[in-house]
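Chain by chain, the residues:
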Amino acid sequence: MSENHSENTLDLSGLLCPLPVLKARKRLEAMAPGAILKVIATDPMSAIDMPHFCNEQGHVLLDQQQDGPALIFRIRRK
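The shown structure was predicted, so the numbers you read here are calculated from the model rather than taken from an experiment. (Residues numbered from 1 in each chain as written. Predicted model: local features only at pLDDT ≥ 70, side-chain atom pairs only at ≥ 80, totals over all residues. Heavy atoms only, no water.)

A.B. asks: Quick question: what am I supposed to make of the nonpolar core here?
C.D. replies: The tendency in soluble globular proteins is for nonpolar side chains to be buried side by side. Ranked by internal contacts, the top residues of the largest apolar core, which has 16 residues, are L28, L37, V39, M50, F53, F73 and I75. Those elements that place two or more of their residues in this core are β1 (7-12), α2 (19-29), β2 (36-41), α3 (46-57) and β4 (70-76). (Core = buried A, V, L, I, M, F, W, Y, C linked by side-chain atoms within 4.5 Å. Buried < 20%, exposed > 50% of the residue type's maximum accessible area, 1.4 Å probe, protein only. Helix = DSSP H or I, 4+ residues; strand = E, 2+ residues; numbered from the N terminus.)

A.B. asks: Looking at this structure, I do not really get α3. What am I missing?
C.D. replies: Look at α3: 16 Å from first C-alpha to last across twelve residues, which is about the 16 Å you get at 1.5 Å a residue. Of the positions making up α3, those classed as buried are S46, M50, F53 and C54. The buried residues of α3 occupy an angular sector of 95° when projected down its axis, which confines them to one face. In α3, the exposed positions angled more than 90 degrees off the buried face are occupied by I48, N55 and E56. Packing partners of the buried residues in α3 comprise α2, β2, β3 (60-67) and β4. Following α3 by one or two positions, G58 adopts a phi angle in the positive range, close to 90°. (Expected span 1.5 Å × (residues − 1). Arc of directions from axis to C-beta. Contact = heavy atoms within 4.5 Å.)

Honestly, that's just the spatial picture; any functional story needs more than this.
Structure (structure tokens):
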């Protein structure tokens, strides 16, 4: 339970590029280093944009899944 307690969820369903990445960046900046953010997005471009964003900013993309139209990313803040 302690693992999920520190995980924040950001539902960005319905937002189009570049908003999912911009909103994820803003939330990550407010989080403590090492914290985990779960991002839910429905924009198909997020499958490309979110991993690229993590790579460029130094965050760790822990997991990327698809659940129907939703793309789910788990990101560990640098």
